[in-house]
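# Structural characterization, general
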Amino acid sequence: MTDDRISFLCIGSIGTGFRAESLERGLSLGVDFIGADAGSVDGGPNALSGSRSSWPEQVLRRDIELLMLGAKRHGIPLLIGSCGTSGRDWGVDLFADIARKVAADSGETFTIAKIYAEVPAELVVERLESGRVHPIDPAPPYDAAAARRSVRIVGAMGAEPFQRAIAMGADVVLAGRATDTAIFAAIPLSRGFDPGLVWHAGKIAECGTACTEPRSRLDVLHIEMGRDSFVVQPLADHIRCTPFSVAAHQLHEVADPFTLVEPGWIIDMSTARYEAVSDRAVRVSGSTATPAPYTVKLEGVERVGWQHMFMFGLRDPTIIADLDAWQANIEDDIASRCAELLGAEAAGTWETHVRIYGRDGVMGARESDPRGPGHEVFVVVDVVAPDRTTCETVTAVIHYAFMHAKSPGWRGGTTVAWPFPKSTFDLGEVYRFNVHHAMEVDDPMELFRLELEEIG
Amino acid sequence: MTRTTLRDVVTSARSKNAGPFSVTIDLFLPDLATFEKVRASGVLSPETVGDLYRVPADQVKVHHFQPALAVKISMPRATPGGSPDDTDVAGGQQFAPLLHLGLPAAP
């Protein structure tokens, strides 16, 4: 197909809500598809390890229903990537359940494509052993043992699985982990639009109206692409795209603003141009894409242990005058108390982190500000141990040590300022991202399982 | 005379994770002249930034991005985002120490 023009609507974050009137306005312009990103790794490893979606199910249902019914009414496909925040299989099934309810309640029928993106650890091990897994700087050490420690691994799919689903007749695509850009690039690429423009547009599309000003909550963005440029604009009147706001988005959540690496492509955005078309629309051109060896980025998490925490305030000037000495004193006390109560051999099976807000609570070892704290200080202490029982026990001992930590200025002394009567908080099982690598594949579809289903 | 710092000249500053293993900082400058002045001052070199954050200079990447009059600085995170020992899960406050860097006085 050699269309001259394609246009689409972009949703940056399903489950956080967008304006229904913006969606309607966009649909009334006559667009070719709706793309929606539902994923993020910014919340940490828990979404991939097994906790719920980052967003409440009621809002997910509202967003998905508006998108499905709007797309249906206009006879256009809906592509959703990274279902359920992490794009693990559970997220695809969650979104499929919601889609079935939407279909049943509306009396409409849909062909949904579920694309699963979890990757078996043994496949990764095989590719590691054949030298086909490559670090993406900065990457942690990664070997067969690390892959096998992962409680879950997903691969971020490129454009091809979406294209396959559309070619098979899906009108709603529910994809597991996908690169944010691939959701928006799939259909324009298959219609022959310039890959440099397409991927650059995908980069802008993936956060909806994050590329607008003034900064406001995420809403629906409209992109119209021709053969040599594309035009981007918001659909709500109170925000606008300017050359500055759209260019600034090229910086968003990437370490390098000039180069975008996608499965099968490297995109050079250093030659991109941004021009105002009106006071709220911007024309973008000039990026170029070059085919590259086909790799899929892996995301994986491993279990670290169980975590408890407690927190308190300090107002005593004699403590605040030398926090380091006060902390060292408590740590000595903790070490001896733990050895007495839990046995010397248990030492080293847990770790504690003491975050002293007012000193270096935010920056940790990267703090360089020489100014001391103000008149009060907040302290957050956590304990990570291999299992829940050990964690509870160790936390209780350490909590008691802080409760009776001596003030250097006074005889006796009382306790610190506990903000809540509840003493310690159970944070549950905790995980760590353990891979930042790209894996070579034999075929863009190799890691991804596609299932079509008629619903309604 | 009071010292001029980056905080006095930037129009906006932000930081965010760039994936689970990197943090990236964007500093926006008000006009091309200030953008060029900051670039020429060398105050945002990998060495000065690395010293400030105690990160080896060869791991600090500095990009000057003229279309948005921005300087982008990326470095490895202290720990993967959201790990149990993390202090800033989304990396949202990591830009702040840069604001105190001094700029050379105007000639």
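Residues numbered from 1 in each chain as written. Chains lettered and ligands numbered in written order. Predicted model: local features only at pLDDT ≥ 70, side-chain atom pairs only at ≥ 80, totals over all residues. Heavy atoms only, no water.

## A few points about the overall build of chain A
- Broken down by element type, chain A carries 13 helices and 20 strands.
- Principal-axis analysis of the C-alpha atoms places the extent of chain A at approximately 85 × 50 × 45 Å.
- Taken across its 456 residues, chain A has 54% of its residues classed as buried.
- Restricting to contacts in chain A with at least 6 residues of sequence separation, those with at least 24 account for 80%.
- Surface accessibility of chain A: about 18800 Å² in total, with carbon and sulfur atoms responsible for 52%.
- Between the mean site of the 42 positive side-chain charges and the mean site of the 64 negative ones, chain A shows a separation of 4 Å. (Helix = DSSP H or I, 4+ residues; strand = E, 2+ residues; numbered from the N terminus. Buried < 20%, exposed > 50% of the residue type's maximum accessible area, 1.4 Å probe, protein only. Contact = heavy atoms within 4.5 Å. Areas by Shrake-Rupley, 256 points an atom, 1.4 Å probe, with all protein chains shown as cover. Lys, Arg positive; Asp, Glu negative; His and termini not counted. Charge placed at Lys NZ, Arg CZ, Asp CG, Glu CD.)

## Here we look at the overall build of chain B
- Counting secondary structure elements, chain B contains three helices and four strands.
- Along chain B, helices and strands appear, N-terminal first, in the series α-β-β-α-α-β-β.
- In terms of C-alpha radius of gyration, chain B reaches 14 Å, essentially the compact-globule figure of 13 Å for 107 residues.
- By principal-axis analysis of the C-alpha atoms, chain B measures approximately 50 × 25 × 25 Å.
- Put simply, chain B has 107 residues, and 53% of those count as buried.
- Pairs at least 24 apart in sequence give 62% of the contacts found in chain B among residues at least 6 apart.
- If you sum the accessible surface of chain B, you get close to 4600 Å²; carbon and sulfur atoms cover 54% of it.
- The positive charge centre, built from 10 side chains, and the negative charge centre, built from 10, are 3 Å apart in chain B. (Rg over C-alpha atoms; globule rule 2.2 N^0.38 Å.)

## Comments concerning the domain arrangement of chain A
- Looking at chain A, the domain boundaries give domain 1 (6-117 + 157-294 + 441-455) and domain 2 (303-432).
- The straight-line distance from the C-alpha centre of domain 1 of chain A to that of domain 2 of chain A is 43 Å. (Domains from an automatic or database assignment.)

## Some remarks on the interface of chain B and chain A
- With 43 residues of chain B at the interface, the matching set in chain A holds 43 residues.
- Between chain B and chain A, the buried area comes to about 3400 Å², and carbon and sulfur atoms account for 61% of it.
- Among the residues of chain B in contact with chain A, F21, F65 and P84 of chain B are the three that bury the most area, contributing 21% of the side total.
- On inspection of chain B and its partner chain A, the count reaches two salt bridges.
- The salt bridge involving E253 of chain A is made with K16 of chain B; its shortest N-O contact spans 2.4 Å.
- On inspection of chain B and its partner chain A, the count reaches 14 residue pairs in polar contact (both at pLDDT 80 or more).
- Listed by contribution, the elements that provide at least two residues to the side of chain B that touches chain A are β1 (12-17), β2 (22-28), α3 (46-53), β3 (61-65) and β4 (70-76) of chain B. (Buried area = accessible area lost by both parts, 1.4 Å probe. Salt bridge = Lys/Arg side-chain N within 4 Å of Asp/Glu carboxyl O. Polar contact = N/O pair within 3.5 Å; in protein donor to acceptor, adjacent residues only side chain to side chain.)

## Notes on the packing of aromatic side chains
Residue and element names in this part refer to chain A.
- Counted according to the given criterion, the structure contains eleven aromatic pairs over all chains.
- Residues F420 and F425 carry aromatic rings whose centres are separated by 6.3 Å and whose planes lie at 80 degrees to one another, so their mutual orientation is edge-to-face.
- Three or more aromatic residues link up through ring pairs in this structure, and these residues are F310, F312, W326, F402 and W418.
- The ring of F110 has K72 sitting right over it, with the charged end atom 4.9 Å from the ring centre. (Phe/Tyr/Trp six-rings, centres within 6.5 Å; stacked < 30°, edge-to-face > 60°. Lys NZ or Arg CZ within 6 Å of the ring centre and 35° of its normal.)

## Thoughts on the packing of helix α12 (residues 323-342) of chain A against helix α13 (residues 388-403) of chain A
Residues and elements named next belong to chain A.
- In the contact formed by α12 and α13, the axes pass within 9 Å of each other and the chain directions differ by 140 degrees. Classified by the angle their axes make, α12 and α13 are oblique. Seen along the crossing, α12 lies across α13 with a hand that is right-handed. Across from W326, I330, D333, I334, R337, C338, L341 and L342 in α12, the residues of α13 making contact are T393, V394, V397, I398, Y400, A401 and F402.
- Of the residues belonging to the contact of α12 with α13, the class tally is twelve nonpolar, one polar and two charged. (Axes fitted to C-alpha atoms, helices over the stretch in contact; angles between N-to-C directions. Parallel < 35°, antiparallel > 145°, perpendicular 65-115°, else oblique. Left-handed = near helix turned anticlockwise from the far one by under 90°. Nonpolar A, V, L, I, M, F, W, Y, C, P; charged D, E, K, R; others polar.)

## Digging into the pattern of salt bridges
Residue and element names in this part refer to chain A.
- Evaluation of the coordinates by the stated rule reveals 39 salt bridges over all chains.
- Salt-bridge contacts for K114 lead to E451; the nearest nitrogen and oxygen are separated by 3.5 Å. Of this pair, K114 sits in strand β4 (residues 110-116) while E451 sits in strand β20 (residues 449-455), placing them 337 residues apart in sequence.
- Judged by its relative accessible area of 38%, E451 is partly exposed.
- Note that D426 and R388 form a salt bridge whose closest N and O atoms lie 2.9 Å from each other. Separated by 38 residues along the polypeptide, D426 in strand β18 (residues 425-433) and R388 in helix α13 bring together distant segments of the chain.

## Comments concerning the packing of helix α1 (residues 20-28) of chain A against helix α3 (residues 57-74) of chain A
Residue and element names in this part refer to chain A.
- At their nearest, the axes of α1 and α3 sit 11 Å apart, and the two run at 20 degrees to each other. Between α1 and α3, the interaxial angle falls into the category roughly parallel. Of the two elements, α1 crosses α3, and the hand of that crossing is right-handed. Residues A20, L23, E24, L27 and S28 of α1 pack against R62, L66, L67, G70, R73 and H74 of α3.

## Looking at the nonpolar core
All names here are of chain A.
- V124, F162, W199, I223 and V232 are the most contacted members of the largest nonpolar core, which has 72 residues in total.
- The greatest single-element share of this core, amounting to seven residues, is contributed by helix α8 (residues 182-190).
- Once residues lying within four places of it in the same chain are set aside, the contact partners of I223 are I6, S7, F8, C10, A201, A205, F230, V231 and V232.
- Ranked by size, the runner-up nonpolar core spans 35 residues in total, among them A36, L78, I80 and F95. (Core = buried A, V, L, I, M, F, W, Y, C linked by side-chain atoms within 4.5 Å.)

## Regarding helix α7 (residues 159-167) of chain A
Residues and elements named next belong to chain A.
- Of all the positions in α7, only A159, P161, F162 and A165 are classed as buried.
- In this fold, the buried residues of α7 make contact with β3 (78-85), β4, β7 (172-175), α8, α9 (195-205) and β20.
- Of the residues trailing α7, G169 is marked for its positive phi of about 105 degrees.

## Considerations on the confidence of the model for chain B
- Residues with a pLDDT of 70 or more make up 97% of chain B, whose mean pLDDT is 94.
- Overall fold confidence (pTM) sits at 0.95, and the ipTM for the predicted complex is 0.94. (pLDDT = per-residue confidence, 0-100.)

## Quick word on the side chain of H63 of chain B
- Along the chain, H63 of chain B turns up in strand β3.
- Excluding its chain neighbours within four sequence positions, the residues that come into contact with H63 of chain B are A255, D256, P257 and F258 of chain A together with A70, V71 and K72 of chain B.

## Concerning the sheet that holds β3 of chain A
Residues and elements named next belong to chain A.
- Sheet architecture is open: ten strands sit in the order β12-β13-β9-β8-β1-β2-β3-β7-β4-β20, paired in mixed fashion. In this open sheet, the two strands that pair with only one neighbour each are β12 (273-276) and β20. Averaged over all neighbouring strand pairs, the angle between strand axes comes to 20 degrees, with direction disregarded.
- Helix α4 (residues 89-106) rests against β2 (33-39), β3, β4, β7 and β20 of the sheet, and its axis sits at about 170 degrees to β4. (Pairing = 2+ DSSP bridges.)

## Topic: the sheet that holds strand β10 (residues 259-262) of chain A
Residues and elements named next belong to chain A.
- One open sheet accounts for three strands, arranged β10-β11-β14; its pairing is antiparallel. Only two strands of the sheet have a single partner each, and these edge strands are β10 and β14 (288-291). Ignoring which end each strand starts from, the neighbouring axes of this sheet average 20 degrees apart.

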